[in-house]
Amino acid sequence: MAEVTLVEAARLAALQEMRRDPRVWVLGEDVARGGLFGQYRGFLEEFGPQRVVSTPISESTIMGAGLGAALVGTRPIIEMRIFDFVMCAMDELVNQIAKIRYMFGGQAKPAVVVRMPHGIWRNSAAQHSQTLESWFTHIPGVVVAVPATPADTAGLLVSAIRSDDPVLFFDPKNLFPLKGEVAEAIAPIPFGTARRMREGTDLTIVTWSAAVPMVEEAAATLAARGVSADALDLRTLWPWDEDAVAASVERTRRLLVVHEAVTTGGFGAEVLARVVERLGPGAVQAAARLGQPRVPVPFAPPLEDALKPDAAKVVAAAEALLRR
Amino acid sequence: MAEVTLVEAARLAALQEMRRDPRVWVLGEDVARGGLFGQYRGFLEEFGPQRVVSTPISESTIMGAGLGAALVGTRPIIEMRIFDFVMCAMDELVNQIAKIRYMFGGQAKPAVVVRMPHGIWRNSAAQHSQTLESWFTHIPGVVVAVPATPADTAGLLVSAIRSDDPVLFFDPKNLFPLKGEVAEAIAPIPFGTARRMREGTDLTIVTWSAAVPMVEEAAATLAARGVSADALDLRTLWPWDEDAVAASVERTRRLLVVHEAVTTGGFGAEVLARVVERLGPGAVQAAARLGQPRVPVPFAPPLEDALKPDAAKVVAAAEALLRR
Amino acid sequence: MTSGGDNRARLLALYATMCRIRAFEETALAAHRAGEIPGPLHVSVGQEGVAAGVCLNLRPDDRITSNHRGHGHALAKGAGLAGMMEELFGRAGGHCRGKGGSMHIADFSVGMLGANGVVAGGIPIAVGAAQGLRLLGSTAIVCCFFGDGAINRGPFLEGLNWAALYRLPVLFVCEDNGVAAFTRAESVTAGPGVAARAEALGVPAVSVDGNDAAAVDEAAARLVAELRGGAGPRLLHATTYRLTGHTSTDPAAWREAGEVEAARAQEPILRLRARLLAEGVAAKALDAVEGDARAEMSQARADALAAPWPDPAIAWEDVQDSGAVTGVA
Amino acid sequence: MTSGGDNRARLLALYATMCRIRAFEETALAAHRAGEIPGPLHVSVGQEGVAAGVCLNLRPDDRITSNHRGHGHALAKGAGLAGMMEELFGRAGGHCRGKGGSMHIADFSVGMLGANGVVAGGIPIAVGAAQGLRLLGSTAIVCCFFGDGAINRGPFLEGLNWAALYRLPVLFVCEDNGVAAFTRAESVTAGPGVAARAEALGVPAVSVDGNDAAAVDEAAARLVAELRGGAGPRLLHATTYRLTGHTSTDPAAWREAGEVEAARAQEPILRLRARLLAEGVAAKALDAVEGDARAEMSQARADALAAPWPDPAIAWEDVQDSGAVTGVA
Ligand SMILES: Cc1ncc(C[n+]2csc(CCOP(=O)(O)OP(=O)(O)O)c2C)c(N)n1
Ligand SMILES: Cc1ncc(C[n+]2csc(CCOP(=O)(O)OP(=O)(O)O)c2C)c(N)n1
Ligand SMILES: [Mg+2]
Ligand SMILES: [Mg+2]
């Protein structure tokens, strides 16, 4: 066990898998220089330019070439640098990667990992701060991973690289400096299993990715005020751990979903809807979501702060929920 | 009042507005030939090649050029031919059109209408059948219109063309032959007002776009079986008529949302979640969604039929809901 | 480059392939009109010389990517006929189990990596396939078919730059029939054309009369030899003519009266037939080749029509391993 | 093309503009290091000759689009200084009310249609702006600035083909500093280069030493004259060098030791200064221009620092008219 940052944990996981399987390689802008965040530091030196390919600024082709390379049996890690640029490669991702196995009746399994550092980070404004993970839960054919800790990032990345499914891996860029323990030999973490952040009885808080530390802090504050929250980090949104959430809400009868993404159309709606469909409204005393308002991410700190969720807003939302 | 098809209603609405405002023009593949569905028939002859621009197969630029033309004061109708091809223009739509007004602090209003015929149509398979309208409710800065009748298509398209907001207009391609009355002078229909398809007391059915005829048929069947459904066609998903839906569910205490899109991550989740958040779970006896399973749209008729919602499935879902 | 006999055999092979493609597509058109084939159907009647001439130079382990008009490419690459016809008919025995249809024809068993419903969609896939093959130590090459309409989409620039940059063994084949859907190529394409665009992206290009199957074969042979020699990507610009409409239901009525008639005289099967007759091949022999092809295809149509529909239960299969949903049909 | 006196005045104008851009960006760099400016900051130190030389030929009603490195383009087009500096500082008085920052600098009042956080994002916007202006009967032209990295993205091909097709008055300016982020242009760009790519897309191109502001001015003057004459789009390929890193926090340490030093000797302000001195302009006069620019910018920095932050309540404004959400801050 070593204490490493989240981005280093991701680096170690990819390193382990590239050492294990020569079919795994990485392509993307500046990856031969270690990647924008150092997540591939030293890879060029160890694996050479055929397996660590710095590419032109050609997102469509970075994504589409990754697919083509998967169709002949390699297992590419497609590095998209910053999530927002995936908008330049949506045909390749949504029309091709997600559908090719189905359209071709199972003749091919596009075993790619698409890495997309996402989220609000250092006042980068509207075109570099988006969190649209919910979109991809709506797209059949893909797995959606949204880790929030070094250990989960490492374990889920190992699973992603070993999976025959296309895995959309949302690196939480704002949490890259976060430190935590990572095992020498990183074991895969199965998709669809939530991590219980804290055991509680008064309300269930469901969250993922960059919102996880906010919920941790809020849960601690609530605990100090005598409120015990049952907090779950989903870790993957498709598949997602519906059983764990349903079981928790059955006990607490109160559900709060917290995510950094815009509330409207966010995955919080799916979580809330499924719980109500599954348990019936009668089993739930109160349910709510906390996310960003339906507004683009602004540049100026006071504006960004006004919109983005934080621990205080989580506490307020939880206390409002408890009054219902 | 004249009886016309839905696609003709759309043509008449665009025609009226292009006659009214010389700043309105249309660009897209084959539009000078009347468009893939005849929705621009005769436009070239009347307005000439400067206002009816057949373009190369360059979706990114069709979308982005429309934006640029709006920034200097024209009001383009951006015709995307088939929704799925919008995947080739997502940066221009999501990173540019939707955000430019906000990023620039209100210096510009990108008054574009993006027309995207969407949905399952004639066994066109996975790359020509998608319905991803829910995605855009999650994107601040845009209006989302999903009409289902000739009159609503005409009235909402008039509003879309006159709006200073970017309006994402989802033409329901499978309903193009549907006939209905359209006024000589087409009046704008305000965004965010639902249309009550049928008055009822036993359950509320909320729907839009291609699912509307299924719900009409299902509601009739249910009526014959003594079940009275209160059916609402939202017509626009952002803004959407939350008041009308909430008021209806308050009366019926039962909510069924029906859409052609995949259930997971569809806008049905948002409708259900909002209703529960707003009225409280206690005000709802039962709630459910009906959409496609999380599977791409297959080609073969028996497979497509197995997955896509239809009147019979709506009836079954409604009856299951009434038993809860 | 080949001796007379070999050459004769090659020409006959080209002829046979073209006849099979023509017969397949005319049979499919008839079946579509008869309501036996659902969905959109794009045929390449008149363009067979390109698919036949190029694919004659490919090995079984070479890969191809195609576009929405891919029947000819698939057949020329050796795709199984029954699986193709059944796919068009949406039957269980189709290569894609009835999930793809004409626009998503694929037969990975012969290196046919798929038609594509998105214009230029096959380009990045082709360059990536070549990159992956290199990484695996394969000597196979990749051939990427697309139309003149695709050269106005971004992936054309990105893919060619990419292939040239990494010196990937990709043969780009631009099947230039002068039209994209209902719009003439020249009305939407600026500059000197696809060959010049390729050269400007570092991809040497050759132009050829795509209706002369033998000429396509010879040009492709040269380019493929260069590719196999490690020279990097090449582009073949093949001019041809689409005798039918954009889809099976499009009369392409906007074309001038005489245009199509004039083109008929230049269509590749007639031309190769004339050459073979001139070289002394008996008309009977050629009629036999054509007749066999027609017989083969009507049989395939009959078989497909009789073949079982897919069980609705398989609609939920082939989505993904983790998080697959199940349903009842 | 212009008489001596005019020419002298032009050169002095170029010098003044470059000095203002340099001073603005060095001031911004210092402010960023001091923690006064949040978010990413991309400066164009060493590239000022391109913005200055091109924009000197634009009318107030002409439009420009820019990329992530847009301070120079904006200043050269006449963007309000206070509004720019305040925008970088995220203050209420910024052109974008503090919502955009450096990467989204825009001043529509002078035809600056915006920087862009997406590489090549400004290209389709520029061609559309030109098409819209024509429809409105305007004689204004559009100038589109982008870097060498943008020529490997699809919109480059699509936008140039489009502009050539409709003969739109767009001046494409490729600011070629030989690097994209941390990767050298030649390592990701195949073929003979941007000018050849443009020509292959039907857009005549001219190459110029971007560090020679006067040469840029002359080339731009010729091209702009052609554009105004209705000749259709043109591309100007300006080679230059980015003396600083990709962002304010990037040391660009990967560059060879001597490289940057050698480049300093070729930077555009020094070179124009040498020429002006040779032409007899007094050093004091030039020092004064530079000093004024520095004074102006430090004042702007001080003003921005003292300026009020935006009221959090405005965070909910400027989203859309229909369906706007409200909130409390
Ligand atoms: C990205 C995209 N845009 C538009 C379409 C609709 N479409 C299908 S085929 C076609 C014409 C393609 O022309 P070309 O590439 O020359 O091939 P051809 O049909 O001539 O064989 C168009 C516009 C599409 N499938 N994909
Ligand atoms: C589509 C897209 N991909 C990647 C990036 C990240 N990025 C920002 S600037 C840059 C380099 C651009 O190089 P160039 O166009 O030459 O401009 P320069 O920075 O040299 O001025 C990159 C890769 C981006 N902003 N947009
Ligand atoms: Mg064509
Ligand atoms: Mg550069």
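Residues numbered from 1 in each chain as written. Chains lettered and ligands numbered in written order. Predicted model: local features only at pLDDT ≥ 70, side-chain atom pairs only at ≥ 80, totals over all residues. Heavy atoms only, no water.

Structural notes on the overall build of chain A
The secondary structure content of chain A amounts to twelve helices and 14 strands. Taking 20 Å as the expected radius of gyration for a compact globule of 324 residues, we find that chain A reaches 19 Å, a close match to that expectation. C-alpha atoms of chain A, sized along the principal axes, occupy 60 × 45 × 40 Å. The buried share of chain A, reckoned over its 324 residues, is 75%. On chain A, roughly 8,100 Å² of surface is accessible, and the fraction owed to carbon and sulfur atoms is 51%. (Helix = DSSP H or I, 4+ residues; strand = E, 2+ residues; numbered from the N terminus. Rg over C-alpha atoms; globule rule 2.2 N^0.38 Å. Buried < 20%, exposed > 50% of the residue type's maximum accessible area, 1.4 Å probe, protein only. Areas by Shrake-Rupley, 256 points an atom, 1.4 Å probe, with all protein chains shown as cover.)

Comments concerning the site of ligand 2
Residues in close proximity to ligand 2 total 21 residues, the closest being E59 of chain A together with H68, R69, G117 and V179 of chain D. This site is not confined to one chain, since residues near ligand 2 come from chains A and D. One of the side-chain N or O atoms of R69 of chain D is found 2.7 Å from an oxygen atom in ligand 2. D148 of chain D is positioned such that a nitrogen or oxygen atom in its side chain is 3.2 Å from an oxygen atom of ligand 2. In the complex, the protein chains occlude 96% of the 580 Å² of accessible area that ligand 2 would expose alone. Grouping the constituent residues of the shell around ligand 2 by class yields nine nonpolar, six polar and six charged. (Near = heavy atom within 4 Å. Polar contact = N/O pair within 3.5 Å; in protein donor to acceptor, adjacent residues only side chain to side chain. Nonpolar A, V, L, I, M, F, W, Y, C, P; charged D, E, K, R; others polar.)

Things to note about the site of ligand 1
Around ligand 1 sit 21 residues in total, of which E59 of chain B together with H68, R69, G117 and V179 of chain C are the nearest. Side-chain polar atom of R69 of chain C to an oxygen atom of ligand 1: 2.7 Å apart, as the coordinates give it. About the coverage of ligand 1: the protein hides 96% of its 570 Å² of free accessible area. Split by residue class, the shell around ligand 1 holds nine nonpolar, six polar and six charged.

Considering the coordination of the magnesium ion (ligand 3)
Each donor-metal-donor angle in an ideal tetrahedron of four donors is 109.5 degrees, and each such angle in an ideal octahedron of six donors is either 90 or 180 degrees. Residue and element names in this part refer to chain C. Protein coordination at the magnesium ion (ligand 3): the donors are D148 (OD), N177 (OD1) and V179 (O), at 2.1 to 2.2 Å from the metal. Sequence spacing of the donors to the magnesium ion (ligand 3): D-x28-N-x1-V. Its relative accessible area of 9% is what places N177 among the buried residues. (Donors = N, O, S within 2.8 Å, 3.2 Å for Na, K, Ca; no water.)

Here's the deal with the packing of helix α10 (residues 268-278) of chain C against helix α11 (residues 283-306) of chain C
Residue and element names in this part refer to chain C. One can describe the packing of α10 onto α11 by two numbers: an axis separation of 10 Å at closest approach and a directional angle of 145°. Crossing geometry of α10 relative to α11 is assigned as right-handed. Side by side, α10 and α11 meet where R273, L276 and L277 of the first sit next to A283, L286, D287 and E290 of the second. (Axes fitted to C-alpha atoms, helices over the stretch in contact; angles between N-to-C directions. Left-handed = near helix turned anticlockwise from the far one by under 90°. Contact = heavy atoms within 4.5 Å.)

With respect to the sheet that holds strand β6 (residues 205-209) of chain D
All names here are of chain D. Across the sheet, which stays open at both edges, the five strands sit in the order β1-β2-β3-β7-β6 with parallel pairing between neighbours. Each edge of the open sheet carries a strand with a single partner, namely β1 (63-65) and β6. Recorded for the sheet is a direction-independent mean angle of 20° between the axes of neighbouring strands. Pairing analysis gives three bridges linking β1 to strand β2 (residues 142-147), with the strands arranged parallel. (Pairing = 2+ DSSP bridges.)

Concerning the side chain of D217 of chain D
Residue and element names in this part refer to chain D. Tracing the backbone through its elements, the reader meets D217 in helix α8 (residues 213-228). Under the relative-accessibility criterion, D217 is labelled buried at 3%. Setting aside its immediate chain neighbours within four residues, D217 contacts R10, L14, G53, L56 and N57.

Some words on helix α10 (residues 267-279) of chain A
Residue and element names in this part refer to chain A. Spanning 13 residues, α10 covers 18 Å between terminal C-alpha atoms, matching the ideal 18 Å at 1.5 Å per step. In terms of burial, α10 is a largely internal element, ten of the 13 residues being buried. Listing the buried residues of α10 in full gives F267, G268, A269, E270, V271, L272, A273, V275, V276 and E277. Where α10 ends, the next residue or the one after it, G280, has phi of about 85°, a positive value. (Expected span 1.5 Å × (residues − 1).)

Considering the pairing of strand β7 (residues 234-239) of chain C
Along any regular strand, the residues point their side chains to alternate faces of the sheet. Residues and elements named next belong to chain C. Along β7, five of the six residues are buried, which leaves the element largely enclosed by surrounding structure. Where strand β6 (residues 205-209) lies against β7, five bridges are found, and the strand directions are parallel. Looking at β7, one finds that V206 is bridged to L236. The handedness of the β6 to β7 crossover, carried by helix α8 (residues 213-228), is right-handed. (Right-handed = clockwise from strand over helix to strand, strands pointing away.)

Thoughts on the confidence of the model for chain C
The share of residues in chain C with pLDDT of 70 or more is 98%, and the mean pLDDT across the chain is 96. Both scores are given for the predicted complex: the pTM is 0.98, the ipTM 0.98. (pLDDT = per-residue confidence, 0-100.)

Some points on the relation of the copies chain B and chain A
Mapping chain B onto chain A calls for a rotation angle of 180° and an axial translation of 0.0 Å; the resulting RMSD is 0.0 Å. The transformation just described matches what one would write down for a two-fold rotation axis. A high fraction, 100%, of the interface residues of chain B reappear at the interface in chain A, so the copies pair face to face through one surface. (Least-squares fit on C-alpha atoms with pLDDT ≥ 70 in both.)

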